[in-house]
2 protein chains.
Amino acid sequence: MRSRALIEILRPVNDVMIGIAVIAGYLVGGGRAPLPALEGFLTGFLISGYSMVINDIFDVRVDILNRRMRPLVRGDLSIGGAWALALSTLALGMVTSALTGMATLVIAAIFAALAFLYSAKLKMMGLAGNIVVALSMAIPFLYGGVMGGINYLLVFVMFSTSFLTGLSREVLKAIADVKGDAASGIRSLPATAGVEVSAVLSAALIALAVPIAYIPVIAGLRSPWYVSGVSIASLIFILMAIDISKLRDPQRAYVMKKRMLIPMAIGLITYVVQGLLLA
Amino acid sequence: MRSRALIEILRPVNDVMIGIAVIAGYLVGGGRAPLPALEGFLTGFLISGYSMVINDIFDVRVDILNRRMRPLVRGDLSIGGAWALALSTLALGMVTSALTGMATLVIAAIFAALAFLYSAKLKMMGLAGNIVVALSMAIPFLYGGVMGGINYLLVFVMFSTSFLTGLSREVLKAIADVKGDAASGIRSLPATAGVEVSAVLSAALIALAVPIAYIPVIAGLRSPWYVSGVSIASLIFILMAIDISKLRDPQRAYVMKKRMLIPMAIGLITYVVQGLLLA
């Protein structure tokens, strides 16, 4: 097994992002100690690495046809070696997770189970697959937030809005890929229910996220940072939702999906800055 | 002029990133008020938008041959219209900058002048062009930091390390592009001085950034967050610098350039979190 194959199958850039999301959740949740933050980062990194390996293992037959450069297809890593890697990253991740308590261990185990379910089955099943992907983007925030253990309201809002907007984005992605997915037998929502219904659902998910983001304000959080950050993100989201609801052209969905990263980043920054200011 | 052409030429994703970098610098510099943060964001957004338009104007002859999809080449926006857009974003940016004081106005003007110089001339001149690109990535942090006006030491470290590692990354990029650049007449460092010299320079720039990141620790900042964040980023940077110094294959430079975003992101997060904790 070459170290290059190891890096390719583990996709460290993705894993680092998940680890950083855990730290972001921890800070928003009120955590300030470096050691639990490091343990949370490692858990996120390891369980995400496990999910990448699992995904490549289940995809190996399809990748032989389409993506011949993946390490399992090239033979730089055996299927047995990949299973050993998946098991060891999972086991190590469970250990680093257990260090921060039982609640986080349960969340990590749910994340790991979802990743397996997704690769094994849900990936081909349209909306259910989209929901699992969106969950797996939001769970690291929840994980870190539970570790922080103080500002649960802000963590709940961060988790819900990132899940809803993430799911909206996954549906947009499915609209953009509607032709290719239909050809590969993926029963995506746009392929079965049509582009129109999918676009309206994608817009509705965003519309649902906006009032949730204001719950802390209603509950008395008068911070001008939070109010302005959430308002800017919400304004962009609402304008985008109007556009998305009228979407008919799959090519255009691709553009909207990319553009959605802007209000998502603004929202994420708002939560983290607000969480740190509450210190 | 269609709104799509406007978005394409202004590249709002890039501009938002520059605006966010200003806010990051502001928070690290000790700033906490939302209104100056918004003014700083708008300045970064507008001056960055101006530099994107200027770049497309100067590139229009080359783009006619190579990138026929750019709005000026397609004719969705006239050259005159582009100049009008560049002038108005620049003027607006100067106004939002003046709102936060004279020092920031001078920095914004320097940024705008560098962007012009780069598009008009330095782009073709190898290392000088690389230096200007790296500076334009670091200046938004300095801009926001000066606005913050409290933690100058952390701002100085953020500015210097992002400049040095950014320049290292630009040299790596030039190594990756060595064949294409030579064909287009760009006198890049790897084309004139060789891949070997360029790789050693790229590694040396990283090596220079690491001790600078520890200056606040030497000066008495004993925060475990800062020490662990900077240590993780430095460790990755040093391991990468060893690899880079031995680099001979341009293809490999492309991989290293992408991977460098990981320690850069960790460093950036460390500065911002530390800046907020000092509140």
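Not measured: the values here are computed from a predicted model. (Residues numbered from 1 in each chain as written. Chains lettered and ligands numbered in written order. Predicted model: local features only at pLDDT ≥ 70, side-chain atom pairs only at ≥ 80, totals over all residues. Heavy atoms only, no water.)

Visitor: Whenever I open this one, the interface of chain B and chain A confuses me. Can you help?
Guide: Size of an interface: often given as the accessible area lost when the parts come together. Between chain B and chain A, the contact holds 22 residues from the first and 23 residues from the second. Between chain B and chain A we count zero salt bridges in total. Where chain B touches chain A, the interface holds two residue pairs in polar contact (both at pLDDT 80 or more). Looking at the side of chain B that touches chain A, the elements with two or more residues in it are α2 (12-28), α3 (34-66), α13 (224-245) and α15 (261-277) of chain B. Ranked by residues supplied to the side of chain B that touches chain A, first place goes to α2 of chain B with six residues. Split by residue class, the side of chain B that touches chain A holds 19 nonpolar, one polar and two charged. (Contact = heavy atoms within 4.5 Å. Salt bridge = Lys/Arg side-chain N within 4 Å of Asp/Glu carboxyl O. Polar contact = N/O pair within 3.5 Å; in protein donor to acceptor, adjacent residues only side chain to side chain. Helix = DSSP H or I, 4+ residues; strand = E, 2+ residues; numbered from the N terminus. Nonpolar A, V, L, I, M, F, W, Y, C, P; charged D, E, K, R; others polar.)

Visitor: Looking at this structure, I do not really get the side chain of T89 of chain A. What am I missing?
Guide: Residues and elements named next belong to chain A. Along the chain, T89 turns up in helix α5 (residues 79-98). Within polar-contact distance, the side chain of T89 engages the backbone oxygen of L85 at 2.8 Å. Here the side chain of T89 touches A86 through a polar contact of 3.0 Å, landing on its backbone oxygen. In contact with T89, not counting residues within four places along its chain, are L10, L46, G49 and Y50.

Visitor: I keep staring at the domain arrangement of chain A and nothing clicks. Help me out?
Guide: Residues and elements named next belong to chain A. The domains assigned to chain A are domain 1 (1-150) and domain 2 (151-279). Each of domain 1 and domain 2 has a C-alpha centre, and these two points are 23 Å apart. In this assembly, 26 residues from domain 1 lie in contact with 25 residues from domain 2. Carbon and sulfur atoms make up 74% of the area that domain 1 and domain 2 hide from each other, which totals about 2200 Å². The largest share of the area that domain 1 buries against domain 2 comes from V28, M124 and F141, three residues that together contribute 27% of it. (Domains from an automatic or database assignment. Buried area = accessible area lost by both parts, 1.4 Å probe.)

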